[in-house]
Amino acid sequence: MITLLDYGAGNVRSVINAIESLGETVKIVTSPQDIIEANKLVFPGVGAFGSMISKLKEKGFFEPLLSYLNSNKPFLGICLGLQALFEESEEAPGVKGLGFIKGKVKRFPHEFCVPHIGWNGIKIKQKSSIFYGLNGDEKFYFVHSYHVDPKDDSVVLTKTDYGYEFVSSIQKGNVIATQFHPEKSGQAGLKVFKNFINSSKENFIPEIQLRTTKLAKRIIACLDVRSNDQGDLVVTKGDQYDVREEGRVRNLGKPVELARRYYEEGADEITFLNITGFRDFPLKDMPMLEVLKETSKNVFVPLTIGGGIRDYTDKDGKFYSALDVASEYFRSGADKISIGSDAVLIVEDYLKTKKKSGKSSIEEISRVYGAQAVVISIDPRRVYVKSPDETNHPVIETGIVGPKGEKYCWYQCTIKGGREGRDIDAITLAKICEELGAGEILLNCIDRDGTNSGFDIELIKAVKKAVTIPVIASSGAGCEEHFYEVFKETNADAALAAGIFHRKEVSIKAVKNYLKEKGIEIRAT
Ligand code: 1PR
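Note that the structure is predicted; figures quoted are calculated from it, not measured.

> Would you explain the overall build of the protein in this entry?
A tally of regular secondary structure across the protein gives 16 helices and 30 strands. Computed over C-alpha atoms, the radius of gyration of the protein comes to 23 Å, within 12% of the 24 Å expected from 2.2 N^0.38 for 525 residues, which places it in the range of a compact globule. Projected onto the principal axes, the alpha-carbon positions of the protein cover approximately 75 × 55 × 45 Å. For the protein, buried positions account for 59% of its 525 residues. Put simply, of all contacts in the protein between residues at least 6 apart along the chain, 71% involve residues at least 24 apart. Accessible surface for the protein amounts to roughly 21,000 Å². Of this, 46% is attributable to carbon and sulfur atoms.

Set out below in structure tokens:
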């Protein structure tokens, strides 16, 4: 049995699911005594360093955890569960960590694209039982803005390159902790759990030892989900956001089954967009929560969910905050939530008042769950102008001229699934959302959606230039070459597609093989 230390800050469901999928049982810590009595403890940290330490103290877990670590019983820390072992963190100056390992936690420099999100490799520095069965060239899923810096090199288990070399896991006796998330790292991650469960395995050094590691470009499968006219929840797909064909909602499959298929085919992430979420209230839309719960049972890559994340008052006058909605999604297995329409309204308010309210969904969710958990989904459409003076919005000079020969355009944000255009452009929106605490941009494009004509390279370049957070290019993928084009021409961090995968026109494997041949770093599947 594995004891799991959950201090109530986020999604530990995936860790439980990963361990249970290997046939092991999980006991969740409910009292300090549970930590003292544990024989194998897993500590998946979520959120921010300061609030984690105060929660551990509040619940009386801090001292028992330290005694557990000192007893040298098997321990596996994940992400913040690694950082907690150190003396202090730049994330929360003045807050003392467990101090089990000497050294501190540092932030990646601001000029980097932070958070470091995605699949990166490990450079192995010593033998360990958790490496059993690994080749050594596997990639693992990282999502963090801070990394550990131990004083004593002998505890370093692996290092990873991201701008510079940082420590990506440590080992001190039977205490092992990783910055990456084994529960989100597909088969490689499950092997790490299996080795931890099976701690009788000897220390092992994999065959391949990488000298450098590279962050992979991610390939994301997107499932637009809604109820069809019969009331069944289906994966659908639009052409420029119109999901009806001969009056009926297109039905391309069942959400849980398709998500599983894409996981097996090598998707690096799965995104669910509840496309009618803007008009229904997601917490009443239990099927969507069920979809997440079921999917996270056997899909071990990051899951994002969007649609309808906003403050809401129901017809009986009961108020639900966007944070309540997001929390329910995280509890059901989501790793990130995506905000569409509400982000546009928040930014409009911000532009009017010129100050942060501190209460917007972006700020609140990012404060509690971290920036990396907040994705902004932008649904822009091109608006052509003859000259830049025709609009107050930032324009680009475009290579794809407008219907009347216009050489300039700006990208108008929309809400409610493209139904309503607003007086704000995608570049400004992305910038302000980053300032408010968003961790990633999902950049759709209504003009390209479902057209198979390739990504809107000009849009992606412009947005990527405006922000330092990762940008996911979306809409228009029609063949393998389009993925290569987007990574070659822009600095997009990930590319997302829907139609070609649903219709089996191109497989995720084919996309990845093509990119690999062309020298683009990908996670092998
Ligand atoms: O506004 O916070 O409630 O979120 C609603 C979410 O639902 C938004 O993220 C919005 O993008 C999405 N959405 C709303 N209506 C539609 C629709 O299609 N009618 N789907 C919709 C948008 C866009 C992409 C799509 C790519 C790739 N889907 O995510 O998957 O364009 O497609 P392709 O590869 O086939 O070209 P809120």
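Resuming the write-up.
> Sorry, what's going on with the nonpolar core here?
A general tendency of soluble globular proteins is for nonpolar side chains to be buried together. Ranked by size, the top nonpolar core spans 130 residues in total, and within it F272, I365, I376 and F483 carry the most contacts. By residue number, the principal contributor to this core is helix α12 (residues 426–436), which donates seven residues. When neighbours within four sequence positions are excluded, F272 is seen to be in contact with L223, V225, P255, A259, M288, V291, L292, T295, L303, T304, I305 and G306. Counting 37 residues, the second largest nonpolar core, distinct from the first, contains V29, L56, Y68 and A84.

> Sorry, what's going on with the environment of R331 here?
Its place among the elements puts R331 in helix α9 (residues 322–331). For R331, a relative accessible area of 48% corresponds to the partly exposed category.

> I would appreciate a short explanation of the packing of aromatic side chains in the present structure.
In this description, an aromatic ring pair is defined by two values, namely the gap between the centres and the angle between the planes. Applying the stated criterion across every chain, the model contains 18 aromatic pairs. The interplanar angle of 80 degrees and the centroid separation of 5.9 Å between the aromatic rings of F112 and Y162 together place this pair among those described as edge-to-face. Here F112, found in the loop between β6 (103–107) and β7 (116–120), pairs with Y162, found in strand β11 (residues 156–162); they are 50 residues apart in sequence, far enough to count as distant. A residue is classified by how much of its surface remains accessible, and F112, at 16% relative accessible area, is buried. Between F112 and Y164 the ring centres are 5.6 Å apart and the planes differ by 50 degrees, which places this aromatic pair in the tilted class. Of the two residues, F112 is situated in the loop between β6 and β7 and Y164 in strand β12 (residues 164–172); the sequence distance between them amounts to 52 residues. For Y164, a relative accessible area of 30% gives the class partly exposed. The structure contains a cluster of three or more aromatic residues connected by ring pairs, namely F108, F112, F140, F142, Y162, Y164, F166 and F180. The positively charged end of K318 is found above the aromatic ring belonging to Y320, 4.8 Å away from the centroid. Seen from the ring of W119, R523 lies directly overhead, with NZ or CZ sitting 3.9 Å from the centre.

> What is the right way to read the site of the ligand from this model?
Close contacts around the ligand come from 25 residues, with K237, S341, S377, D379 and D449 the closest. Within the side chain of D379, a nitrogen or oxygen atom sits 2.6 Å from an oxygen atom of the ligand. Burial of the ligand by the protein amounts to 99% of the accessible area it has alone, namely 760 Å². The set of elements that each furnish at least two residues to the shell around the ligand consists of β14 (218–227) and β30 (494–497).

> When you look at the pattern of salt bridges in this model, what are you seeing that I'm missing?
Proximity of charged atoms lets side chains of opposite charge pair with each other. Inspection of every chain in the model, using the stated rule, returns 32 salt bridges. For the salt bridge of D335 with K184, the shortest nitrogen-to-oxygen distance reads 2.9 Å. With D335 in the loop between α9 and β22 (336–339) and K184 in the loop between β13 (175–178) and α6 (186–197), the pair connects residues that are 151 residues apart, well separated along the chain. Residue classification places K184 among the buried residues on the basis of a relative accessible area of 2%. For E294, the salt bridge goes to K297, with nearest N and O atoms at 2.9 Å.

Here is what the cut-offs are and how they apply
Think of each chain on its own: its residues are numbered from 1, step by step along the sequence as written. Thresholds applied to this predicted model are a pLDDT of at least 70 for local features of residues and 80 or more for the giving and counting of side-chain atom pairs; totals over whole chains, interfaces and linings are not thresholded and use all residues. Side-chain measures here rest on the full set of heavy atoms in the structure, leaving out hydrogens and waters. Counting from the N terminus, the helices are the DSSP runs of H or I reaching at least four residues and the strands are the DSSP runs of E reaching at least two. Each radius of gyration is computed over the set of C-alpha atoms, and the globule rule expresses the reference value as 2.2 Å times the number of residues to the power 0.38. Here's how the labels work: a residue is buried when its accessible area is under 20% of the maximum for its type, exposed when over 50%, partly exposed in between, all with a 1.4 Å probe on protein chains only. Whether two residues are in contact is decided by their heavy atoms, any of which lying within 4.5 Å being enough. Surface accessibility in these figures is a Shrake-Rupley result with a 1.4 Å probe; residues are shielded only by whichever protein chains are displayed. Put simply, a nonpolar core is a bunch of buried Ala, Val, Leu, Ile, Met, Phe, Trp, Tyr and Cys residues held in one set by side-chain atoms that sit within 4.5 Å of each other. Pairing of aromatic side chains here covers Phe, Tyr and the six-membered ring of Trp, requires ring centres within 6.5 Å, and sorts the geometry by plane angle: under 30 degrees stacked, over 60 edge-to-face, intermediate tilted. For a lysine, the NZ atom is tested; for an arginine, the CZ atom; a charge sits over a ring if that atom is within 6 Å of the ring centre and within 35 degrees of the ring normal. Here a residue is near a molecule or strand as soon as one of its heavy atoms is found within 4 Å of it. Two N or O atoms count as a polar contact when they lie within 3.5 Å, although within protein this holds only if one can serve as hydrogen donor and the other as acceptor, and sequence-adjacent residues are included solely when both atoms are side-chain atoms. Note on definitions: salt bridges are taken to be side-chain nitrogens of Lys or Arg within 4 Å of carboxyl oxygens of Asp or Glu.

Such coordinate-based values are descriptive only and should not be taken to indicate function.
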